[in-house]
Amino acid sequence: MMAGWQKLRGVLLLCLWLLAPAVARTEGVNVPPGSAHLSEQSVDQSDLQTFYQALGGSRVWFDEQGEPFLQRQQQLEAWVMLSYEQGLDPQTYGLKELSAGHLARMGPQREYWLTQQFLKLARDLNGAAQVGSSDSQWHFVNTRLDVAQLAQLAQRLAQGETVDQLLRSLLPLAPEYARLQTLYRDLLRQQSAYVPELPLPDQLIRPGQRHPVVPQLRRWLIWQHWLAPVSAVDDPEAYDEELVAAVREFQQRNGLKPDGILGPETGAAMQRSVTDRLQQVRANLFRWRALPRQLGNQYVLVRTGAYNLDLVEQGQPVRRHSVITGQPKRPTPSFAASIRRLTFNPYWTVPFRIAVEDLLPKQQVDETYLTGKQIDVLQRSETGQWHEVASSEVDWSGLSRRNFDYLLRQRPGPGNSLGRMRMDMPNPYSIFLHDTPQQHLFDESRRAFSSGCVRVYRIGELAQRLAGEEAIAEGLAQPDRRYLSLPTAIPVYLVYLTTWVDEAGKAYYHPDVYGRDQALQQVLGPIPQAPAAELVKLARNVIKK
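Residues numbered from 1 in each chain as written. Predicted model: local features only at pLDDT ≥ 70, side-chain atom pairs only at ≥ 80, totals over all residues. Heavy atoms only, no water.

### Describing the pairing of strand 9 (residues 421-424)
- Alternating residues of strand 9 divide into M421 and M423 and R422 and D424, and every residue in both groups is buried.
- Pairing between strand 4 (residues 335-344) and strand 9: 4 bridges, direction antiparallel. Pairing of L342 across the sheet is with M423, part of strand 9.
- In terms of strand pairing, strand 9 meets strand 10 (residues 433-434) through 2 bridges, oriented antiparallel. Directly across from R422, in strand 10, lies its bridge partner H434. (Buried < 20%, exposed > 50% of the residue type's maximum accessible area, 1.4 Å probe, protein only. Helix = DSSP H or I, 4+ residues; strand = E, 2+ residues; numbered from the N terminus. Pairing = 2+ DSSP bridges.)

Next comes the structure, spelled out in structure tokens:
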């Protein structure tokens, strides 16, 4: 292994562990004043002091004679080089300085400079502050490594864990992150690959029709692995069943209506550049790293940007459901909660915003609207208690957002907006999972229709997995409101994920309905460039990746 690095030393100017012995001995283990100026603000003087104090006076990268700990340095440099595969920029962690041999000229500060790069990389692998700064609806706690966690890293290092093991342990545990990261790496390789030209048709092409662009469409589908190669076709310009099936799969995996019709939306998705897809995948990688690393043995993951939900047990999805999420003007926020009980035949207490923006105007036009929807009107008494008043006694014409002092509540029944079941998960945003009488909306490919809550397709089957078939059947058999507490609270993570990869390795892309991908991409900047291919290969060999 060392022979490969030594061979490239003169050409690549990278092998810092070969440069290190020529440098003067590192003096002392106390962090010298001013050493933090070599780093960005993510690692300050106190961070370094915490780290070295936890080591009990030991050095990390050099021994007392100034000789390098080669394995640690090699693994750190390999992770720096390969950080671009996580969507990170290797230059942030000192790649330029390492490549140019600057380490040899740092003198005593080289020990602390390497630690700064290590801690910066560790923090970025373990969290992503950019997500919260670009999304006002992101409500997860910042996962940035704190002082105690920095000390734990140092202690683990002192106990014999390698740099590779430590950094690898900071990445999300969910298999979906690893699959998404593999997709990102594959797309990076495709950036310079040839892609056949695919002109947009001048009209809709429907199944069974003929069009001059069809031969190019077939070639593109084959090149992109949506269609198996064939030696010959009877009618090259015929949009036949084989092509239609391939286009439908493409549409379904790109958040489009899978009707097989080749039109402007489908054509635009096919013409989308690899760089655009990289940006989208990168944004979602950052979101995953901004989540808690361990999500639990059993949890619900709601991909609000992809309109689906997984029940995950022991790292594997055991149920997947389509969902309806908040419309763009009332987006579903990203946050964590826990399902603690199920409510059968629930009342729907109408949120104030929906009451004054949606229902009040309809009631002002038709004074029987609320009654027809089985919605009761409640007013607060002088004692503070809510009591029902007749809808006909209210002067609706004189009401607005400024003076609307009523509470609207819909009775249980077939038309109740929450359907037959609600999954109660206390949170500050009044968001929960529930049934819906509008089952036809699940047929749509883009399902941002709610006012923020998440409507779940076949929610009863999900509930059966959580509480058992008998308990759910008993609860649904009664017409009145009933509660069922779960024996164990089930964590729920609602996350704006617009790209994901399933267990078979199939990638899915969805339009950025809330504009949050675009906002995060602007913060992250361009796709980081990869180091030279030879260096990447050597780095992979060092950490067996």
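### Some points on the packing of aromatic side chains
- Counted according to the given criterion, the structure contains 16 aromatic pairs.
- Geometrically, the ring pair formed by F352 and F404 is edge-to-face, given 6.4 Å between the ring centres and 65° between the ring planes. Remark: F404 occurs in the loop between strand 7 (386-389) and strand 8 (406-410) and F352 occurs in helix 16 (residues 352-365); sequence separation between them is 52 residues.
- Ring geometry for F404 against Y406: centres 5.9 Å apart, planes inclined by 70°, an arrangement best described as edge-to-face. Pair check on accessibility: F404 and Y406 agree, each one buried.
- Members of the aromatic cluster, connected to one another through ring pairs, are F51, Y52, W61, Y112 and F118.
- Across the ring face of F69, the terminal group of R72 is positioned such that the distance to the ring centre comes to 5.4 Å.
- Across the ring face of F62, the terminal group of R110 is positioned such that the distance to the ring centre comes to 3.7 Å. (Phe/Tyr/Trp six-rings, centres within 6.5 Å; stacked < 30°, edge-to-face > 60°. Lys NZ or Arg CZ within 6 Å of the ring centre and 35° of its normal.)

### Focus: the nonpolar core
- Core analysis: the biggest nonpolar cluster contains 77 residues, and F51, W61, F118, L167 and W288 have the highest contact counts within it.
- At 8 residues, the largest contribution of residues to this core is made by helix 7 (residues 110-126).
- Discounting chain neighbours no more than four positions away, the residues touching L167 are W79, F118, L121, A122 and L125.
- Core analysis: the second largest hydrophobic core is formed by 47 residues, V300, L342, C453 and A463 among them. (Core = buried A, V, L, I, M, F, W, Y, C linked by side-chain atoms within 4.5 Å. Contact = heavy atoms within 4.5 Å.)

### Here's the deal with the pattern of salt bridges
- Across all of its chains, the model carries 30 salt bridges by this definition.
- The salt bridge partner of E357 is R353, with a shortest N-O separation of 3.3 Å. Of the two residues, E357 and R353 are both situated in helix 16; the distance of 4 residues between them amounts to about one turn of the helix.
- Taking the relative accessible area as the measure of exposure, E357 reaches 33% and is therefore partly exposed.
- With a relative accessible area of 37%, R353 lands in the partly exposed category.
- A salt bridge links E357 to R401; the shortest N-O distance between them is 2.5 Å. Linking E357 in helix 16 with R401 in the loop between strand 7 and strand 8, this pair joins segments that are 44 residues apart in sequence.
- Using a relative accessible area of 44% as the deciding quantity, one classes R401 as partly exposed.
- Overlapping salt bridges bring together E176, R179, R303, D310, R320 and E503 as one network. (Salt bridge = Lys/Arg side-chain N within 4 Å of Asp/Glu carboxyl O.)

This is a description of form; function is not addressed.
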